[in-house]
Each structure stands twice: as structure tokens, then as C-alpha cells.
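Structural features, examined
Residues per chain are reported as follows:
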Amino acid sequence: MKNKAYIVFGFLALVWGMTFLFNKSASTLITPPQIATARVFMGFLPVFVAALIGRKLKWRHLRFTHHFIAMSVLAGSLYYFSFAKGIQLLPSSLAGMLSGAIPMISFVTAAAFLRDEPINQRSLIGLLFGFAGVAMIARPWDTSISPNDLAGFGYIGLGSLCVGLSFVYARRFLSPLGISPLALCTYQLGIASITLLVITDFTGATAIFDNGWIALGLFGGLGLFGTGIAYLCYYYVVEKLGAVKAASATYIPPIIAVLTGSLILGESIRLLDLGAMAAIMTGVVIMQSGRQIKTETQPAQPCPSET
């Protein structure tokens, strides 16, 4: 059984890493809001079906709709739009490297707003390593950085902040309710789908079908597998291997993003960027190692965020 869980773990890490490629390719044909809409809606479908089969959806949950709406923004519509926009402006490999800092942003927001989140020396050392890596990529001291790059960094930062805040919101308001994580993610993605379908301008969206492979990557790779089925895989891995090992799946996607960006999209990778990615990943590992005992006993997030 554990061998099967490790296979699912590997698939999860791979599909999360490939989302940067699918997102970047789609951005050559359609807009970031259109990408986010397709991703969220396609991700919602398998989660909704699984929740129906498991009979996790209850009418009594309607009284918590305001919480589901908040999560749909933080970990749904705004989060996925921010990353889609950031990936459009930046090389996919660079965006992938920066996404490795999500666990650090989540830790900082949790430490700021949750009283039971410990801060120890190991966590602080990990944060220093990680943010040094982010600084090496963003290079705020370099006056030659283009406005597009700065905007891209900002959007990735906004998306990462949304993930951190969604973790805090889930811990404070959703975990005490005892609602199934599968149901929570269904509500979250469902409301985000409705929101994006209403506010998104779909002018020119049919251009995605000009390239069948890019369309398949968007709807199948980014949405169906990279968001919906990845969620189901994540909680399978949590159940079989534990939360700490499942969380370590987030260490691999930045590496895959770099490989796909350079080998498939032909993006140039600087040695300094590779060093920065190593610093970020080292920082995350150091930081998480100081929280392992606690992490194993924490309830999982309603909907895991990868990229």
C-alpha cells in the first residue's frame, strides 16, 4: 500500500511541476483571467464528483457560506489569477522558483495571526535562507530589472500571500467546524468558478483552440489534473504517508518548472537563479523540520495550494 502511495506522491509532484509549463503556454493565446477560469472550473469537476460520491456535501453547510466565499477568493479566484498573471510576465522557470517560497509566506502569516504557531531558531534560520534566495531572484538592487519583471514578482508575491492568508483563515474559522476537507474544497472551487465565470471577459478565448496541445495542457494538465485530481491525490498521500511527507511534494515542482522551462520552452537559466532556488528550498526544509511534530497533528488545509 505504501508503494502505491509513493507512486501517487511522485505523480502529484510531477503534475504540480508541469502546471507552470501549461500556464505559460496558455498565456500565449488567452488572458490570465481566462486561464484562471478554465483552471478553477476544470479543477472543480473531479472534486465535486468525489464529494458527491462520498456524500460529503450537506445542506446544513449553507450557513457557513460566508466563510466559503472568503476562501474562494484567497485560495481560488485571486490566487489562481495572480499566479496566471505572474507566469505570463515572467519565464515559467523563474515563477516556479519563486513559488518555492510559498511555505515561508504561509509560516510568516501563521506566526503573525495564529497564537499556536511556534517561532524557533531553526524556523528563523530557514526563513533567512529562503528570503535570501527570493532576493537573489528578484534583485531589487538591480536597476536594469524591467517593469514587467517587477510586476511579475508582485503578482507571484500576491498569490503567495493569498495562500498564506487562506491557511490562517482555514485554521481559525473552518477547521473548528469539522467539515470534510473534500466538501470545503468543493465549495471553495465551486464559488470561485461562479465568480470567475461572471467577471471574466471571454473575448478572444476561443483562440486557445488554435493549438490543440496547448488547449489540452490548459484544460487537462492545468485544470483537471493539476488542480482537481491533484487535490484528491494530495489527501490520499496525507492519509497513507502523513502530512509531513505529503507537504514535501511541494519541494519538487520548482525543479520540474526549471527543467520544463529550459528544455521545452527554451528559457535561459542563470547560475545565480539556480543558487537562489537552492537557497529557497534549503530554507523551506530547515524551516519545516522545526515544525514536523506539530505539522503531523494539524488538520490539513481545506484545499492544498501548489502553484
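Figured I'd write up the structure that's included with this text. Small disclaimer: the values here were computed from a predicted structure and weren't measured.

A word on the packing of helix α5 (residues 102-113) against helix α12 (residues 271-289). Two numbers describe how α5 lies on α12: the axes approach to 9 Å, and their chain directions differ by 40°. Considered as vectors, α5 and α12 are oriented oblique to each other. In the crossing of α5 with α12, the sense of the turn from one axis to the other is left-handed. Listed contacts from α12 to Pro103, Met104 and Phe107 of α5 are Ile280, Val284, Met287 and Gln288.

Turning next to the packing of helix α11 (residues 253-263) against α12. Two numbers describe how α11 lies on α12: the axes approach to 11 Å, and their chain directions differ by 165°. If you check the angle between α11 and α12, you find them roughly antiparallel. As α11 runs across α12, the sense of the crossing is right-handed. For the pair formed by α11 and α12, the contact residues are Pro254, Ile255 and Val258 on the first element and Leu274, Met277 and Met281 on the second. Its residues assigned to classes, the contact of α11 with α12 shows six nonpolar, no polar and no charged.

As a further point, take the state of the cysteines. Considering all chains together, one arrives at zero disulfides under this definition. Unpaired in this structure, Cys233 has its nearest cysteine sulfur neighbour in Cys185, at a distance of 13 Å.

Let us look at the nonpolar core. Leu12, Trp16, Met104, Ile137, Phe153, Leu189 and Tyr234 are the most contacted members of the largest nonpolar core, which totals 56 residues. With eight residues, helix α9 (residues 212-241) is the largest single contributor of residues to this core. Residues Ala38, Ile208, Ala215 and Leu222 belong to the second largest nonpolar core, which totals 14 residues.

Taken as a whole and assessed by the stated rule, the structure comprises eleven aromatic pairs. Each ring, one from Phe44 and one from Phe48, has its centre 5.2 Å from the other, and the planes form 20°; the classification is stacked. One end of the pair is Phe44 and the other is Phe48, both in helix α2 (residues 32-53) and four residues apart, which spans about a single turn. The partly exposed category is assigned to Phe48, whose relative accessible area is 29%. Between Tyr79 and Phe83 the ring centres are 5.3 Å apart and the planes differ by 65°, which places this aromatic pair in the edge-to-face class. Placement of the pair is Tyr79 and Phe83 together in helix α3 (residues 65-89), with a separation of four residues, close to one helical turn. Taking the relative accessible area as the measure of exposure, Phe83 reaches 0% and is therefore buried. Among the aromatic residues, those joined into a cluster by ring pairs are Trp16, Tyr231, Tyr234 and Tyr235.

What counts as what
- Residues numbered from 1 in each chain as written.
- Predicted model: local features only at pLDDT ≥ 70, side-chain atom pairs only at ≥ 80, totals over all residues.
- Heavy atoms only, no water.
- Axes fitted to C-alpha atoms, helices over the stretch in contact; angles between N-to-C directions.
- Helix = DSSP H or I, 4+ residues; strand = E, 2+ residues; numbered from the N terminus.
- Parallel < 35°, antiparallel > 145°, perpendicular 65-115°, else oblique.
- Left-handed = near helix turned anticlockwise from the far one by under 90°.
- Contact = heavy atoms within 4.5 Å.
- Nonpolar A, V, L, I, M, F, W, Y, C, P; charged D, E, K, R; others polar.
- Disulfide = S-S within 2.5 Å.
- Core = buried A, V, L, I, M, F, W, Y, C linked by side-chain atoms within 4.5 Å.
- Buried < 20%, exposed > 50% of the residue type's maximum accessible area, 1.4 Å probe, protein only.
- Phe/Tyr/Trp six-rings, centres within 6.5 Å; stacked < 30°, edge-to-face > 60°.

Purely geometric stuff here, so don't read any function into it on its own.
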